[in-house]
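Each chain, letter by letter, is given below.
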Amino acid sequence: MEELVGLCEGSSGNPVALRELWGPCPRLRRGIRGGLEWLKQKLFRVGEDWYFLMTLGVLMALISYAMNFALGRVVRGSGIPELKTILSGVVLENYLDIKNFGAKVVGLSCTLATDSTLFLGKVGPFVHLSVMIAAYLGRVRTKTIGEAENKSKQNEMLVAGAAVGVATVFAAPFSGILFCIEVMSSHFSVWDYWRGFFAATCGAFMFRLLAVFNSEQETITSLYKTSFPVDVPFDLPEIFFFVLLGAICGVASCAYLYCQRTFLAFTKTNKLISKLMATSKPLYAALATTVLASITYPPGVGRFMASRLSMREHLDTLFDNHSWALLTRNSSPPWPAEPDPQHLWWEWYHPRFTIFGTLAFFLVMKFWMLILATTIPMPAGYFLPIFIIGAAIGRLLGEALSVAFPEGIVAGGVINPIMPGGYALAGAAAFSGAVTHSISTALLAFELTGQIVHALPVLMAVLAANAIAQSCQPSFYDGTIMVKKLPYLPWIRGRPINSHRVIVEHFMRRAISTLARDAALEQVVKVLTSTDEAEYPLVESTESQLLVGIVKRAQLVQALQAEAPARASGQQRCLQDILAGGCPMEPVTLTLSPETSLHQAHNLFELLNLQSLYVTSKGRAVGYVSWVELKKAISALTNPPAAK
């Protein structure tokens, strides 16, 4: 049915729809429409394309600013070092804010999309994401049940979140919780163990179950399946070579940790790079990515370092049982135009290079390329690249032994061939364990492959590598904490610095501002205005100086503001009146003695995640010790001043 039309009163004769005529306020609507038509004619007089071009520029500027804003928020807290600092009792603003979650996911997705080009993983950022969600769920739980905020409960959720982050990346709940224990904190509560284990098991199970639902696997299996022989996986004389491999990985890890920490510090101190990082993080990321992508370009230098393989395929091939050097001794496999899924190990062979050449070139190039990649201001994990480098070191030694003993090592009259894949597994666990100062990487290697036949040699290699690395260099995460100047307590256990001989009296801060119960309010106000302490020790009286509690500055200021009318009327009131009126006072549950050793004080701070403690002698407040005083005392022992 055609729409009915008519003529508007006072119109020029143009017909309009009757629905338009009968609508409410027809004259007002006609006036608004006419005004818009006039504005359109005036604005588009210069051409409507200019306005669309302006809109394009504004939109792209907003997107660019949003990218810079998101990048800046993510980079300032994007890994395990920051989480380790938080678990020690330090509060890092916005690090666990759920608002960063989206930016973190987008940034990590971009990083993972580059795969072996940048050669970066996702363990650290995924731990960050997991802890973000754990902190958010903890707050939701607190509000739901109406419970007051409990710091110990928050830490329990954070520890469980860290374990889940590792477990869901590798589908390894056992090593996930153990790695969390070793890396995240110096002391671990047994109460947190089963809670973290439960969450990690749920996460790992769901991670592998999704692979079954997605038809990637027929059933729940390990992430990197191997087929090492179970009967005789290695001969007894090979134990020596596994220990040697651990020593090599330990020395290599010391070189890597030193170079990585030095270069990261260089980027912080160099004027050009630091200015570029402060003003144009995307530009620095683009430049570094261009350099790495140019080197790994497969038709170029990348053909000599298996750059066409993904990081997963790197591990799959390095764990191969067969000796590539023996397979290519009499015949040279073709270098295919595209990777052959049935013979991915061919990517490690090139007619111009031998197997040893490609493995050695891969190690040399990835050594410095990974150091450069760690400075890119994007969310990225560094554990998986280190794990692959260790596997390449072990594979190189395994291939050399297979050539030196082509028939295998004779033990007890039985000859068993050398399996380079077993050495690759041991090298991966040893090098990654040495870099992170952890033993749980041995268990991670077994969970990743689903086989435990190399348990003894892998564990011995990891122990040997850790013995060298821990005696020479701080771990990767501790080194990053030092370079970023995050709050931390230096490690003193096992270091020959005679920390038992130094007592608190030697390094405590003696000048402390105390508040006496009988102090007049004018004196209290004078102390508040002359100092900026967050809390003040409350003593019984000015004469006795007996420590009875702690008063927070913010609560004391609020109470004084409420007392302003009484003070204005001339009433003489003291601090005891404010305390009795409702100003909260916290009891002192733990103090230090002047005779307490530095070693004992350090252990207390680490065990209880403390930030400061007061020093008392016979109940009297005589001093104050915080992280600042502890770090200065430890620094004086490790770097004593030169004798004059």
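Definitions and cut-offs
Residues numbered from 1 in each chain as written. Predicted model: local features only at pLDDT ≥ 70, side-chain atom pairs only at ≥ 80, totals over all residues. Heavy atoms only, no water. Helix = DSSP H or I, 4+ residues; strand = E, 2+ residues; numbered from the N terminus. Buried < 20%, exposed > 50% of the residue type's maximum accessible area, 1.4 Å probe, protein only. Areas by Shrake-Rupley, 256 points an atom, 1.4 Å probe, with all protein chains shown as cover. Core = buried A, V, L, I, M, F, W, Y, C linked by side-chain atoms within 4.5 Å. Contact = heavy atoms within 4.5 Å. Salt bridge = Lys/Arg side-chain N within 4 Å of Asp/Glu carboxyl O. Polar contact = N/O pair within 3.5 Å; in protein donor to acceptor, adjacent residues only side chain to side chain. Patch = residues over 30% accessible without salt bridge, like charges linked within 9 Å, V, L, I, M, F, W, Y side chains within 5 Å. Phe/Tyr/Trp six-rings, centres within 6.5 Å; stacked < 30°, edge-to-face > 60°. Expected span 1.5 Å × (residues − 1). Pairing = 2+ DSSP bridges. Axes fitted to C-alpha atoms, helices over the stretch in contact; angles between N-to-C directions. Parallel < 35°, antiparallel > 145°, perpendicular 65-115°, else oblique. Left-handed = near helix turned anticlockwise from the far one by under 90°. Nonpolar A, V, L, I, M, F, W, Y, C, P; charged D, E, K, R; others polar.

S.K.: Lay out the overall build of the protein with the relevant residues and their values.
M.R.: The number of helices and strands found in the protein is 27 helices and nine strands. Buried positions account for 47% of the 644 residues belonging to the protein. Summed over its atoms, the accessible surface of the protein is roughly 32800 Å², and 63% of this surface lies on carbon and sulfur atoms.

S.K.: Kindly report on the nonpolar core, identifying the contributing residues and their values.
M.R.: Within the largest apolar cluster, 113 residues are counted, with the highest numbers of intra-cluster contacts made by V127, F170, Y256, L318 and W348. Considering each element in turn, this core owes the most residues, 11 residues, to helix α16 (residues 383–404). The contacts of W348, once residues within four sequence positions are left out, are A306, L309, H314, T317, L318, W324, T354, I355, T358, L359 and F362.

S.K.: Go over the pattern of salt bridges with me, naming the residues and quoting the values.
M.R.: Within this structure, the stated rule accounts for eight salt bridges. Between E533 and R509 there is a salt bridge, and its shortest N-O distance comes to 3.5 Å. You can see E533 sitting in the loop between α22 (521–530) and β6 (535–539) and its partner R509 sitting in the loop between α21 (504–507) and β5 (515–516), a full 24 residues away along the chain. Take E533: its relative accessible area is 26%, and that puts it in the partly exposed class. The partly exposed category is assigned to R509, whose relative accessible area is 29%. Of the charged contacts, one joins E540 and R517 as a salt bridge, the two residues approaching to 3.5 Å between their closest N and O atoms.

S.K.: Before we move on, could you go through the side chain of S175 and cite the residues and values that matter?
M.R.: Along the chain, S175 turns up in helix α8 (residues 173–184). Look at S175 and you get buried, because its relative accessible area is 1%. A distance of 2.7 Å separates polar atoms of two side chains, one belonging to S175 and the other to E447. In contact with S175, not counting residues within four places along its chain, are S440, L443, L444 and E447.

S.K.: Account for a nonpolar patch on the surface, with residues named and values stated.
M.R.: Nonpolar side chains collect at one region of the surface, where L178, V190, W191, Y193, W194 and F198 lie side by side and expose about 670 Å² of accessible area between them. With five residues, the top contributor of residues to the nonpolar patch is helix α9 (residues 190–213). For L178, the position within the fold is in helix α8.

S.K.: Outline the packing of aromatic side chains, supporting the account with residue identities and numerical values.
M.R.: Tallying each qualifying case throughout the model produces 20 aromatic pairs. For the ring pair F242 and Y423, a centre distance of 4.3 Å and an interplane angle of 0° mean the geometry is stacked. Residue F242 is located in helix α10 (residues 238–269), and its partner Y423 is located in helix α17 (residues 420–436); the two are separated by 181 residues in the primary sequence. No difference in accessibility class separates F242 from Y423, as the two residues are buried. Three or more aromatic residues joined by ring pairs make a cluster, and in this case those are F119, W324, W345, W346, W348 and F362.

S.K.: Just give me the short version of unusual backbone geometry, but keep the residues and values in it.
M.R.: Positive phi, normally seen in glycine, also occurs at F119, with a value near 60°. Relative to the elements of secondary structure, F119 occurs in the loop between α5 (101–114) and α6 (123–145). Judged by its relative accessible area of 2%, F119 falls in the buried class. One non-glycine residue, K618, lies in the positive phi region at around 55°. Along the polypeptide, K618 turns up in the loop between β8 (612–617) and β9 (620–626).

S.K.: An account of α17 is requested, with residue identities and associated values reported.
M.R.: Taking 1.5 Å of rise per residue, the 17 residues of α17 would be expected to cover 24 Å, and the 24 Å separating its terminal C-alpha atoms lies within 8% of that figure. Here α17 lies mainly inside the structure; 17 of its 17 residues are buried. Of the residues flanking the end of α17, it is H437, one or two places downstream, whose phi is positive at about 55°.

S.K.: Before we move on, could you go through the pairing of β8 and cite the residues and values that matter?
M.R.: With six bridges joining them, β8 and β9 adopt antiparallel strand pairing. By the bridge assignment for β9, T616 is matched with A621.

S.K.: Describe the packing of α10 against helix α20 (residues 476–484), listing the residues and the values that go with them.
M.R.: Running from N to C, α10 and α20 point in directions that differ by 20°, and their axes come no closer than 10 Å. Put simply, α10 runs roughly parallel to α20. Relative to α20, the crossing made by α10 is right-handed. Along the contact surface, α10 presents Y256, L257, Q260, R261, L264, A265 and K268, while α20 presents F476, G479, T480, M482 and V483. Its residues assigned to classes, the contact of α10 with α20 comprises seven nonpolar, three polar and two charged.

S.K.: Before we move on, could you go through the sheet that holds β6 and cite the residues and values that matter?
M.R.: In spatial order, the strands read β5-β6-β7; together these three strands make up an open sheet with mixed pairing. Two strands close off the open sheet at either side, each with one partner strand: β5 and β7 (547–552). Taken together, the two bridges between β5 and β6 define a ladder with parallel strand orientation. Bridge pairing in β6 links A516 to V539. Where helix α23 (residues 553–562) meets the sheet, its contacts fall on β5, β6 and β7, and the angle it forms with β7 comes to roughly 75°.

S.K.: With reference to specific residues and values, describe the side chain of S541.
M.R.: Structurally, S541 can be placed in the loop between β6 and β7. Apart from residues no more than four positions distant in its own chain, S541 is found in contact with A516 and D518.

S.K.: Break down the environment of T354 for me, with residues and values.
M.R.: Position of T354 among the secondary structure elements: in the loop between α14 (324–327) and α15 (355–373). For T354, a relative accessible area of 48% gives the class partly exposed.

S.K.: Let's hear about the packing of α17 against helix α18 (residues 441–449): which residues, and what values?
M.R.: Two elements in contact, α17 and α18, have axes whose closest approach is 8 Å; the angle formed by their N-to-C orientations is 140°. Compared by their axis directions, α17 and α18 come out oblique. Note that α17 runs across α18; the crossing there is right-handed. Together, L425, A429, S432, G433 and T436 of α17 and T441, A442, A445 and T449 of α18 make up the contact between the two elements. Among the residues making up the contact of α17 with α18, the classes are represented as four nonpolar, five polar and no charged.

S.K.: Give a description of the pairing of β6 that names residues and reports values.
M.R.: Taking burial as the measure, the five residues of β6 include five buried ones, the bulk of the element. With five bridges joining them, β6 and β7 adopt antiparallel strand pairing. Across the sheet, residue P537 finds its bridge partner in β7, namely I550.

S.K.: So, α20: which residues are in play, and what are the values?
M.R.: Each α-helix winds once per 3.6 residues, and so residues spaced three or four apart point in a common direction. By the burial criterion, the buried members of α20 are F476, Y477, G479, T480, I481 and V483. Buried positions along α20 lie against α4 (80–87), α8, α10 and α17. Positioned one or two residues after α20, K485 has a phi angle of 60°, which is positive.

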